[in-house]
Amino acid sequence: MDKNFIVDESYNQKRLDQFLSDKLEETRNQIAQLIKKGFVKVNNKTTTKNGLKLKENQIIDVELPEVQEIKELTDIDFINDEKFNITTIYEDDDILVINKPINLIIHDAPSVNEPTLVDWLKHKGIALSTISAQIRHGIVHRLDKGTSGAMVIAKTNEAHVKLSEQLQDKSMGRYYIAVIDMPLKDHTIIDKPIGRSVNNRIKMAVNPEGKEAKTAFAKVLQSNDQNYEIILAKLFTGRTHQIRAHLNFINRHIVGDVLYDFKGKLDNINRIYLHAYSLYLIHPRSGEKMVFKANLPENYMKFIRDNFTSGEDIENIDQDYITNIFTDFL
């Protein structure tokens, strides 16, 4: 599948990899692999220069290679590999709602060399929408590899279109539970643009030249030693690493998230404590408003039980509690 773009004034003298990262919504590393392998042309000439400075009105052609079928699904251990311990929360003819484990990548990309959620879906014989490229069949929205929680999969093209529209008009969304390394002073809203970090291209950061991003954070419970805090997060936009970057901006860090500057000891920490806990949407066929809860994984709950006296109550948080706590300050 090919993609074609014309460089507009806003990208004059900007880097080729930055341009394609924005247009294709992929990481710089993934874009670099495409360029390196000769899949990108500028004014009909193949280039392998990631940092090529663009000029207005140049034509960029990108060949998006289909995933090679050398990855035999029969060779993947879907049964014993913990990252495929995927719980189905809800399923009908139109949608599938799952609780994604940590360490599971959603779909293939040039830089990915391990089995993905899409591989598992195909292995299970689940019907998937085909609107996106082959490597993204069924995928409406994503979660980071290290983040667990609720995701909806589109099983038909009609469902995919309607769910994508809901993402745009905000009638579909998620609430997250996170554990951070320093309590918030109060419930807070961060409304700052996010773009690629100038110091570390793997990270995102608050950047005046980035895209609009808004996140609300609500205090829930402090740990026994007052060092940690459980918080809820509500996204108003859907930027890459948005929660992690906005917390880092206010000098707060998700426990275990060393990429975003968590400095604590990792002796008893075996994951990033970020989980998409609640998913709400409008059913694409019936029009019914639906809410789904993705239970916290055991490795997450163990950390809470070890550090929060009343941590067991976290498992009983319902949508009314979540709605009320944000209504109080939004």
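Here, every reference points to the structure presented above.
Residues numbered from 1 in each chain as written. Predicted model: local features only at pLDDT ≥ 70, side-chain atom pairs only at ≥ 80, totals over all residues. Heavy atoms only, no water.

Colleague: Residues and numbers for the overall build of the chain, please.
Modeller: A count of helices and strands for the chain gives seven helices and 15 strands. Expected size for 330 residues packed as a compact globule is a radius of gyration near 20 Å; at 21 Å, the chain falls within 12% of this value. Burial statistics for the chain: of 330 residues in total, 48% are counted as buried. A sequence separation of at least 24 residues applies to 64% of the contacts in the chain between residues at least 6 apart. For the chain, the computed accessible surface area is about 16,700 Å², with 46% contributed by carbon and sulfur atoms. The centroid of the 44 positive side-chain charges in the chain is displaced by 7 Å from the centroid of its 47 negative side-chain charges. (Helix = DSSP H or I, 4+ residues; strand = E, 2+ residues; numbered from the N terminus. Rg over C-alpha atoms; globule rule 2.2 N^0.38 Å. Buried < 20%, exposed > 50% of the residue type's maximum accessible area, 1.4 Å probe, protein only. Contact = heavy atoms within 4.5 Å. Areas by Shrake-Rupley, 256 points an atom, 1.4 Å probe, with all protein chains shown as cover. Lys, Arg positive; Asp, Glu negative; His and termini not counted. Charge placed at Lys NZ, Arg CZ, Asp CG, Glu CD.)

Colleague: Tell me what's going on with the nonpolar core, and back it up with residues and numbers.
Modeller: By size, the foremost hydrophobic cluster in this structure holds 58 residues, and its most contacted members are Leu-117 and Val-179. With six residues, strand β8 (residues 173-180) is the largest single contributor of residues to this core. Formed by 16 residues, the second largest nonpolar core is a distinct cluster that contains Phe-5, Val-7, Phe-19 and Phe-39. (Core = buried A, V, L, I, M, F, W, Y, C linked by side-chain atoms within 4.5 Å.)

Colleague: So what's going on with helix α4 (residues 157-169)? Residues and values would help.
Modeller: Look at α4: 19 Å from first C-alpha to last across 13 residues, which is about the 18 Å you get at 1.5 Å a residue. Of the positions making up α4, those classed as buried are Ala-159, His-160, Leu-163 and Gln-166. Seen end-on, α4 carries its buried residues on one side only, within an arc spanning 125 degrees. Exposed and facing more than 90 degrees away from the buried side of α4 are Glu-158, Gln-168 and Asp-169. (Expected span 1.5 Å × (residues − 1). Arc of directions from axis to C-beta.)

Colleague: An account of unusual backbone geometry is requested, with residue identities and associated values reported.
Modeller: Phi is positive for Asn-43, close to 50 degrees, though the residue is something other than glycine. Positive phi, close to 70 degrees, is recorded for Lys-170, a residue that is not glycine. With respect to the secondary-structure elements, Lys-170 resides in the loop between α4 and β8.

Colleague: Which residues make up the packing of helix α1 (residues 16-24) against helix α2 (residues 28-36), and what are the values?
Modeller: Two elements in contact, α1 and α2, have axes whose closest approach is 9 Å; the angle formed by their N-to-C orientations is 115 degrees. By the criterion of interaxial angle, the relationship of α1 to α2 is roughly perpendicular. Crossing hand, α1 versus α2: right-handed. Seen from α1, the contacting residues are Leu-16, Asp-17, Gln-18, Leu-20, Ser-21 and Leu-24; seen from α2, they are Arg-28, Ile-31, Leu-34 and Ile-35. (Axes fitted to C-alpha atoms, helices over the stretch in contact; angles between N-to-C directions. Parallel < 35°, antiparallel > 145°, perpendicular 65-115°, else oblique. Left-handed = near helix turned anticlockwise from the far one by under 90°.)

Colleague: Break down the side chain of His-253 for me, citing the residues and quoting the values.
Modeller: Following the sequence through the fold, His-253 ends up in the loop between α5 (242-249) and β14 (274-282). For His-253, a relative accessible area of 9% puts it in the buried group. If we ignore the near neighbours within four places in the chain, the residues touching His-253 are Val-179, Ile-180, Asp-181, Asn-248, Tyr-260, Asp-261 and Phe-262.

Colleague: How would you summarise the environment of Ile-254 if you had to cite specific residues and measurements?
Modeller: Within the secondary structure, Ile-254 sits in the loop between α5 and β14. Sequence-wise, Ile-254 and Ile-180 are 74 residues apart; in three dimensions their C-alpha atoms are separated by 4.4 Å.

Colleague: Break down the packing of aromatic side chains for me, with residues and values.
Modeller: Aromatic ring pairs are reported here in terms of the distance separating the ring centres and the angle at which the planes meet. This structure, assessed with the given rule, holds 10 aromatic pairs. For the ring pair Tyr-175 and Tyr-280, a centre distance of 5.6 Å and an interplane angle of 45 degrees mean the geometry is tilted. With Tyr-175 in strand β8 and Tyr-280 in strand β14, this pair connects stretches of sequence that are 105 residues apart. Through a chain of ring-to-ring contacts, three or more aromatic side chains come together here, namely Tyr-175, Tyr-280, Phe-326 and Phe-329. One residue, Lys-234, lies across the ring of Phe-236, its end atom 5.2 Å from the ring centre. (Phe/Tyr/Trp six-rings, centres within 6.5 Å; stacked < 30°, edge-to-face > 60°. Lys NZ or Arg CZ within 6 Å of the ring centre and 35° of its normal.)

Colleague: Can you break down the pattern of salt bridges residue by residue, with the values?
Modeller: Scanning all chains against the criterion turns up 11 salt bridges. The network of salt bridges with shared partners includes Asp-144, Arg-244 and Asp-257. (Salt bridge = Lys/Arg side-chain N within 4 Å of Asp/Glu carboxyl O.)

Colleague: Any details on the environment of Thr-327? Residues and values, ideally.
Modeller: Note on placement: Thr-327 falls in helix α7 (residues 319-327). Judged by its relative accessible area of 53%, Thr-327 falls in the exposed class. Within the structure, Thr-327 has its side chain in polar contact with the backbone oxygen of Thr-323 (distance 2.7 Å). (Polar contact = N/O pair within 3.5 Å; in protein donor to acceptor, adjacent residues only side chain to side chain.)

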